[in-house]
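A look at the structure
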Amino acid sequence: MTNSEMTNAAPKKRALSLDLARGSMLFLIILSHIPLFLYTIEPGVITKVAGSTALDHFLNFLMEIMVDNRARPLFAILFGYGLVMIYRKQWERKGAGEAKRIIKRRCWYLILFGAILAGVAGGQDILMTYGIAGLLLVSSLKKDNKKIKKYVFISTIICILYIPLFWGTVLVENQSYGLPVELTGQETYLGTMLERLVSIPIIPLFTHITFPVIPSVLMGIWLGNINILIKPQNHIKLLKQLTIGGLTISLAGAIPLVLINDVWFPDLFIAGFAYGIHILTGFAGGVGYAALFGLLGVAIKHRGVIVTAIAAMGKRSLTFFVIHEVLTVILLSPIAFNLGASLTVTTSVIVGIIMWMFTLSIAYLMENQQVEGPLEKYLRYLIYKKQV
């Protein structure tokens, strides 16, 4: 394979719906990860910290309705969709066997990138989790959608059977609605790095059990098989149904959680059970968000600066995900600037917005200069170098 062929391994014509979804998803991920560093505030409900003002409470409400356990399924759906695109392209060029090998190679490198990010940079892992999901599901890429739907149904039922019970038990053992933030303010970089390096094998396994992504990745494969985000204009009716249905289920599943500790004070097992429902209905929320971006891709006729910037970030989503995680650690962690010790819920959201807007401007400049995302470029080199 020549260098020019390696470069062309990425799609020449980008789908606006996909890139908008990826760029927007990164903002949701920033907002969901920042509260993990607010270690001086009393725990609120599960991973949220307690609000001290009306605005804090309102922002927590919005996060639980729109972000928490919704950004991750959206990421998983887009990951599954991307696997279909890569598999299809490589199958047309090299056949099914080589397509599977490339997918596996890509997933192993994602696991490596995620291990470095979590162990050395201290960021939250997503890459290892999805790399493992890709390895587990690569054989499903050659299945028809009838079987994929069956896999979605079975994997979702399995999650329904244990997730609410699991989280109910977690809160009973915790003896509180809120899980304590792991940071103390006394952490050092060396100590933190050693702890995280030891826990690397456990992190993705823990995530797969407690915040399952397999059903959402399978949903992404299903959507990818029908080209719903590449050719959204051909699926307007289905996109509307998925948007309305998915977001309605997501909203309904979030309501019990947002009521806890404000207007509803259930026992700990019921509170944990409600959080399990929040996780499960997030699967539908991810589908709803993905479909919504499909509709936006059709509706947007003119790409202004903001749309271009978000799409540019989505085009380089691996690079900017890592940048965001590293910036979050540097700004908020006790091992660096330690802003997490002084931020409130409101000011942490403001920091997240500023971070996203700053990196959006970088993505916009990169797009104008036709500069490829460095991690995307390096990953592509690693995957295809043996074919040179």
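See the structure above.
Residues numbered from 1 in each chain as written. Predicted model: local features only at pLDDT ≥ 70, side-chain atom pairs only at ≥ 80, totals over all residues. Heavy atoms only, no water.

**Some points on the nonpolar core**
Core analysis: the largest hydrophobic core is formed by 110 residues, its most contacted members being Ile29, Leu74, Tyr130, Leu141, Val217, Ile221 and Phe321. Among the elements that take part in this core, helix α12 (residues 268-299) stands out by supplying 13 residues, more than any other. In contact with Ile221, other than residues within four places in its own chain, are Gly80, Tyr81, Val84, Leu137, Ser140, Leu141, Asn145 and Ile148. Core analysis: the second largest hydrophobic core is formed by 6 residues, Ile111, Met128, Ile200 and Ile203 among them. (Core = buried A, V, L, I, M, F, W, Y, C linked by side-chain atoms within 4.5 Å. Buried < 20%, exposed > 50% of the residue type's maximum accessible area, 1.4 Å probe, protein only. Helix = DSSP H or I, 4+ residues; strand = E, 2+ residues; numbered from the N terminus. Contact = heavy atoms within 4.5 Å.)

**Here we look at helix α4 (residues 71-94)**
Since the α-helix turns once every 3.6 residues, residues separated by three or four places project in the same direction. Here α4 spans 34 Å end to end across 24 residues, near enough to the 34 Å set by a 1.5 Å rise per residue. Of the residues trailing α4, Gly95 is marked for its positive phi of about 100°. (Expected span 1.5 Å × (residues − 1).)

**Some remarks on the packing of aromatic side chains**
The relation between two aromatic rings is expressed through the spacing of the ring centres and the mutual angle of the planes. Tallied over the full model, the rule gives 12 aromatic pairs. Between Phe58 and Phe61 the ring centres are 6.4 Å apart and the planes differ by 25°, which places this aromatic pair in the stacked class. Of the two residues, Phe58 and Phe61 both sit in helix α3 (residues 54-66), 3 residues apart, roughly one turn of that helix. Under the relative-accessibility criterion, Phe58 is labelled partly exposed at 44%. On the basis of an interplanar angle of 45° and a centroid distance of 5.4 Å, the ring pair of Trp167 and Phe211 is categorised as tilted. With Trp167 in helix α7 (residues 145-174) and Phe211 in the loop between α9 (202-210) and α10 (214-225), this pair connects stretches of sequence that are 44 residues apart. On the basis of relative accessible area, Trp167 is assigned to the buried category, the value being 4%. (Phe/Tyr/Trp six-rings, centres within 6.5 Å; stacked < 30°, edge-to-face > 60°.)

**What about the packing of α7 against α10?**
With their axes 9 Å apart at the nearest point, α7 and α10 run at an angle of 160° to one another. Between α7 and α10, the interaxial angle falls into the category roughly antiparallel. As α7 packs across α10, the resulting crossing turns out to be left-handed. Across the interface between the two elements, Asn145, Ile148, Lys149, Tyr151, Val152, Ser155, Thr156 and Cys159 from α7 touch Ile214, Pro215, Leu218, Met219, Ile221, Trp222 and Asn225 from α10. Class assignment of the residues belonging to the contact of α7 with α10 gives a composition of 10 nonpolar, 4 polar and 1 charged. (Axes fitted to C-alpha atoms, helices over the stretch in contact; angles between N-to-C directions. Parallel < 35°, antiparallel > 145°, perpendicular 65-115°, else oblique. Left-handed = near helix turned anticlockwise from the far one by under 90°. Nonpolar A, V, L, I, M, F, W, Y, C, P; charged D, E, K, R; others polar.)

**Focus on a nonpolar patch on the surface**
A cluster of nonpolar side chains, namely Leu112, Ile116, Val120, Tyr189, Leu190, Leu194 and Leu197, defines an oily patch on the protein surface of about 610 Å² accessible area. At the level of elements, α5 (96-121) and α8 (189-199) are the ones that each hand at least two residues to the nonpolar patch. No other element matches α8, which puts 4 residues into the nonpolar patch. The topology assignment puts Leu197 in helix α8. (Patch = residues over 30% accessible without salt bridge, like charges linked within 9 Å, V, L, I, M, F, W, Y side chains within 5 Å. Areas by Shrake-Rupley, 256 points an atom, 1.4 Å probe, with all protein chains shown as cover. Salt bridge = Lys/Arg side-chain N within 4 Å of Asp/Glu carboxyl O.)

**Regarding empty space enclosed by the protein**
Applying the stated rule across the entire model yields 2 cavities of 30 Å³ or more. Empty space within the largest cavity amounts to approximately 80 Å³. As for the largest cavity, its lining consists of Leu31, Ile34, Pro35, Leu38, Lys48, Val49, Asn60, Met63, Val345, Ser348 and Val349. Put simply, the parts of the chain that give the lining of the largest cavity at least two residues each are α3 and α15 (345-368). The biggest single contributor to the lining of the largest cavity is α15, with 3 residues. A breakdown of the residues in the lining of the largest cavity according to their chemical character gives 8 nonpolar, 2 polar and 1 charged. What the second largest cavity holds in volume is close to 40 Å³. Taken together, Val45, Ile46, Thr47, Lys48, Glu64, Asp68, Asn69, Leu257 and Tyr275 make up the lining of the second largest cavity. (1 Å grid on protein atoms, 1.4 Å probe; cavity = no way out; pocket = protein on both sides within 12 Å on 5 of 7 lines; lining within 4 Å. Points joined across faces, edges and corners; volume = space filled by probe spheres on them.)

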